[in-house]
Amino acid sequence: MTDTVTGAGADDDPSAGNDPASRVAWKPFVLVVGLLGFAALAWYSSNVDSLPLLGDLRRIDFLFAPSLFLFAVYGVAPVILEPGRARPLWNYASRRPLVAFSLLWVAAFVVVGLLAPVFIDLSFDLDATNQSPVFTAVSTTFTDDCVGTAVDGRCFGTWEHPLGTTGIGRDVSKLVLYGAREALTFATIVAALIVPIATTVGVVAGYRGGWTDEILMRIVDVQQTLPAFVIYLIASFLYGESEFLLVVVFGLTSWGSVARIVRNETLHLRASEYVTAALVVGAGTPHILRRHILPKLSGPIATAVTRQIPMLLLVEAALSYMDLTVVTTGSWGRTIRTGLVEFPQAWWVSTVPVVVLCVTIVAFSVLGDALREVADPRLGD
Amino acid sequence: MSRIRTLLSHSIFAVLGVYAVVSLAFALIALTPDPGEAFLAHTLARHGQGDQIEAEIQAYRAARNLDAPVAVRYVRWLVDITVLDWGRSLETGRPVLSMVRDGLTYTFAYVVPGILVGTIGGIWAGLMSASEDRTRSRRGLSVLSYVAFGVPSFWVAAVFLIAVAPSLSWFPDRLPASGPFTPDGALFLFPAALLVGVNVFAGQFRYAQSKGREYLKADFVRQHRAIGISRPRVMWYILRVAAVPLLAVSLADLIAILVVTVFVVEFVFNVPGIGLLTYGAISDRDMPVVLGATMVVALTGIGVNFLQEVVNTLLDPRIGDDGGSHD
């Protein structure tokens with residue numbers, strides 16, 4: 001997600017500390033107006049008159065759209081309005097090819113994920129089953145109808161299906177691009193649930209300290225002993241599997257480690273001299289939180305969430321593989337699962353999504369670590 | 001707070017945590033419709049005995065003490081759990097506790113060696129690569145650990161079983177009946193342990209590396225180096241200081257990684273451990289076993305967490321002053 005670069009440079013940016021109140025104020029307003037607008041449109045679309053784009057929204061999209069909007073307002077907009085805030089990250093990435101690549105990959109992942117359903121249709125073509133990727137070949141006995149050229153009983157792949165096709169003739173390259181949508185939906189909604197919960201719990205625990213801190217952190221401990229994965233298993237047992245349940249369970253139960261990081265950072269900031277100074281001149285808690293604590297938390301939060309996403313993507317793929325989710329066609333986990341059924345012959349069907357999933361996970365991990373190094377002054381080279 | 005008081009508060013919270021999980025489990029059963037009742041009604045209706053449904057369900061509820069008030073059932077549930085009476089499986093009729101115990105035997109047989117090797121290896125490699133001056137090998141190891149974390153373990157396991165295992169003469173086709181602690185059993189569980197090890201290694205490596213780099217800049221390390229203390233000794237000192245944050249940061253993630261790995265590995269390799277037990281119970285809709293297995297996961301987590309706090313308190317002399325909070 002490009003939006004996670006938000007505030008990575010908050011510490012280096014001169015405008016971050018003496019932040020004009022105006023910048024803090026417009027975001028909640030825009031957010032509320034935008035969400036209400038979306039709700040009104042959705043209501044109108046489903047009850048009065050079907051609107052062109054809102055008509056075929058899935059249930060999950062009613063979570064996806066507000067989540068995207070949340071990240072646009074709090075993530076993308078500040079970076080666009082003040083490009084200087086992201087400069088330390090660009091500088092850091094420009095010297096490190098791996099980080100630059102990860103940044104590009106994640107950006108492409110977001111763009112493809114947003115556009116995939118508009119441009120790609122996941123039709124299948126029974127006249128082009130089990131085509132191998134271009135430059136490779138497969139026995140003609142395995143594929144019924146060879147699209148490319150067949151030489152000596154070997155069917156060669158064509159550019160028509162550069163990454164081959166599945167057993168029912170779905171184009172693997174299209175499947176993989178479409179899978180980005182499923183992964184993006186999942187990651188965005190879960191992140192949009194994690195961020196507010198983790199921020200609230202972490203800031204309250206870190207700022208109030210004492211018993212509040214002790215009790216909240218113990219609750220986090222206990223909550224973290226029951227991983228989202230297990231809670232999802234039980235919830236799906238009780239309420240039936242659904243994509244909706246999946247994102248809600250993961251969003252409501254994966255905030256522990258982010259909350260801990262927010263709490264530590266708040267503790268750190270609270271002890272800082274400028275907060276003491278603000279207290280001395282009589283600033284109230286809301287003022288200190290809004291002006292001195294929350295703006296400085298965006299870096300650590302972006303880092304923590306970016307580092308959380310790889311784990312979420314892996315777990316989602318594992319659940320699809322074990323057939324514990326209702327995954328729509330196109331999800332990487334589902335494609336891997338179908339591909340493994342005919343593994344040695346149709347090796348490309350599972351290998352291609354595994355590679356894409358793996359690169360995406362590596363890109364998020366690398367980016368998370370890069371954000372950490374950029375945002376955390378204690379680690380700077 | 002003194003150390004004793006710190007430990008005492010941790011124990012109290014651990015016990016409270018256990019009962020919180022147990023209460024949650026109770027709420028799950030008490031506040032949601034019992035799948036058993038629906039099944040009973042369905043069976044009776046199918047056999048044309050629809051008029052008996054009400055009476056049979058009454059008998060079913062009476063047999064399971066479901067007709068008592070919720071408060072009474074709750075207290076009874078707490079007592080039962082505490083005295084280790086975890087009920088019987090609806091599917092096999094076996095006591096849940098013994099099923100869970102058998103499952104844990106298999107799970108521990110491959111998870112424990114995997115964790116040990118992965119943790120020790122990961123921390124060692126992470127600290128070493130942090131101190132390495134040749135950045136190329138350091139970057140190589142980092143990329144390798146990123147990739148090791150990113151490749152889904154179920155895919156590796158499945159590819160191993162389909163494409164590699166048939167050509168390996170030493171790998172048994174199925175789990176030997178003789179149990180996990182025999183030569184054949186160990187061979188069968190070896191790939192599973194390896195996968196757990198690689199997953200744990202990848203996580204620990206990254207933490208250890210970033211912590212190691214943080215500490216390499218610390219004053220005490222520069223001092224030690226300046227007066228010519230050998231590198232392994234300096235690394236040992238760093239390890240000693242970094243142990244607490246290493247344990248603290250990685251543990252929750254370790255549990256999350258482990259739970260998923262355990263489920264996936266057992267699903268693919270068909271190891272009758274706690275993961276497969278839960279999976280089977282879910283598909284059989286066997287509520288007592290689902291609850292028992294989940295509670296074991298939660299209790300293990302709480303227990304490990306508590307142990308970690310104890311170790312922290314013993315390792316870090318500063319704890320007691322600030323409640324043991326470290327990043």
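Residues numbered from 1 in each chain as written. Chains lettered and ligands numbered in written order. Predicted model: local features only at pLDDT ≥ 70, side-chain atom pairs only at ≥ 80, totals over all residues. Heavy atoms only, no water.

**Notes on the interface of chain B and chain A**
For step 1, the next point in the chain: Across the contact, 53 residues belong to chain B and 50 residues belong to chain A.
For step 2, the next point in the chain: A buried area of about 4800 Å², summed over both sides, lies between chain B and chain A, and 74% of it is on carbon and sulfur atoms.
For step 3, the next point in the chain: Three residues, B:Tyr146, B:Phe154 and B:Trp155, lead the burial of chain B against chain A; their summed loss comes to 13% of the area buried on that side.
For step 4, the next point in the chain: Our count for the chain B to chain A interface comes out at 3 residue pairs in polar contact (both at pLDDT 80 or more).
For step 5, the next point in the chain: Only α1 (3–31), α6 (135–150), α7 (153–164), α8 (183–216), α10 (231–269), α11 (274–284) and α12 (287–315) of chain B provide two or more residues apiece to the side of chain B that touches chain A.
For step 6, the next point in the chain: Among the elements that line the side of chain B that touches chain A, the one with the most residues is α10(B), at 10 residues.
For step 7, the next point in the chain: Per-class residue counts for the side of chain B that touches chain A are 34 nonpolar, 11 polar and 8 charged. (Contact = heavy atoms within 4.5 Å. Buried area = accessible area lost by both parts, 1.4 Å probe. Polar contact = N/O pair within 3.5 Å; in protein donor to acceptor, adjacent residues only side chain to side chain. Helix = DSSP H or I, 4+ residues; strand = E, 2+ residues; numbered from the N terminus. Nonpolar A, V, L, I, M, F, W, Y, C, P; charged D, E, K, R; others polar.)

**Concerning the UniProt feature "transmembrane region" (unreviewed entry) in chain A**
For step 1, the next point in the chain: Following the UniProt record, one finds the feature "transmembrane region" (unreviewed entry) at residues 24–43, 63–81, 101–120, 183–207 and 345–368 of chain A.
For step 2, the next point in the chain: Across residues 63–81 of chain A one finds 100% helix and 0% strand; the C-alpha atoms that close the span lie 26 Å apart. (UniProt positions renumbered as here; feature names shortened; annotations may be inferred.)

**Side note on the sheet that holds strand β3 (residues 154–156) of chain A**
For step 1, the next point in the chain: Spatial strand order, β1-β3-β2 (chain A): 3 strands in an open sheet with antiparallel pairing. The sheet is open, and its two edges are formed by β1 (137–139) and β2 (150–151) of chain A, each paired on a single side. (Pairing = 2+ DSSP bridges.)

**Some thoughts on a nonpolar patch on the surface**
For step 1, the next point in the chain: On the surface, A:Val111, A:Leu114, A:Leu115, A:Val118 and A:Phe119 cluster together into a nonpolar patch covering about 500 Å² of accessible area.
For step 2, the next point in the chain: Inspection of the secondary structure assignment puts A:Phe119 in helix α5 (residues 97–119). (Patch = residues over 30% accessible without salt bridge, like charges linked within 9 Å, V, L, I, M, F, W, Y side chains within 5 Å. Areas by Shrake-Rupley, 256 points an atom, 1.4 Å probe, with all protein chains shown as cover. Salt bridge = Lys/Arg side-chain N within 4 Å of Asp/Glu carboxyl O.)

**Notes on the UniProt feature "transmembrane region" (unreviewed entry) in chain B**
All names here are of chain B.
For step 1, the next point in the chain: When the UniProt feature table is mapped onto this chain, "transmembrane region" (unreviewed entry) is found at residues 12–31, 108–131, 143–165, 185–207, 234–252, 258–282 and 289–307.
For step 2, the next point in the chain: Segment residues 143–165 splits into 87% helix and 0% strand. End C-alpha atoms: 27 Å apart.
For step 3, the next point in the chain: Between the C-alpha atoms that bound residues 289–307 there is a distance of 27 Å. The span itself is 100% helix and 0% strand.

**Examining the domain arrangement of chain A**
All names here are of chain A.
For step 1, the next point in the chain: Segmentation of chain A into domains returns domain 1 (2–120 + 171–380) and domain 2 (124–169).
For step 2, the next point in the chain: The partner domain 2 presents 15 residues to the 11 residues of domain 1 that form the contact.
For step 3, the next point in the chain: Buried surface at the junction of domain 1 and domain 2, both sides included, amounts to about 950 Å², of which 70% is carbon and sulfur.
For step 4, the next point in the chain: At the junction of domain 1 and domain 2, the tally comes to 0 salt bridges.
For step 5, the next point in the chain: Our count for the domain 1 to domain 2 interface comes out at 2 residue pairs in polar contact (both at pLDDT 80 or more).
For step 6, the next point in the chain: For the side of domain 1 that touches domain 2, the elements supplying multiple residues, two or more each, are α6 (172–208) and α14 (347–375).
For step 7, the next point in the chain: With 4 residues, α14 is the largest single contributor of residues to the side of domain 1 that touches domain 2. (Domains from an automatic or database assignment.)

**Quick look at the pattern of salt bridges**
Residue and element names in this part refer to chain A.
For step 1, the next point in the chain: Tallied over the entire structure, the rule returns 10 salt bridges over all chains.
For step 2, the next point in the chain: For Asp-213, the salt bridge goes to Arg-263, with nearest N and O atoms at 2.8 Å. Placement of the pair is Asp-213 in helix α7 (residues 210–225) and Arg-263 in helix α10 (residues 256–270), with a sequence separation of 50 residues.
For step 3, the next point in the chain: Since its relative accessible area comes to 8%, Arg-263 is described here as buried.
For step 4, the next point in the chain: Here the salt bridges do not stand alone but share partners, grouping Glu-214, Arg-218, Asp-221 and Arg-260 into one network. (Buried < 20%, exposed > 50% of the residue type's maximum accessible area, 1.4 Å probe, protein only.)

**Let's talk about the confidence of the model for chain A**
All names here are of chain A.
For step 1, the next point in the chain: For chain A, per-residue confidence averages 80 on the pLDDT scale, and 89% of positions sit at 70 or higher.
For step 2, the next point in the chain: When pLDDT is averaged over each element of chain A, α6 comes out on top at 91 and helix α1 (residues 14–17) at the bottom at 42.
For step 3, the next point in the chain: Contacts from residues 1–22, a stretch scored under 50 in pLDDT, to residues over four places away or in other chains number 51 contacts. (pLDDT = per-residue confidence, 0-100.)

**A look at unusual backbone geometry**
Residue and element names in this part refer to chain A.
For step 1, the next point in the chain: Although it is not a glycine, Asp-323 sits at a positive phi angle of roughly 65°.
For step 2, the next point in the chain: Tracing the backbone shows Asp-323 in the loop between α12 (285–321) and α13 (332–341).
For step 3, the next point in the chain: A relative accessible area of 37% means that Asp-323 is categorised as partly exposed.

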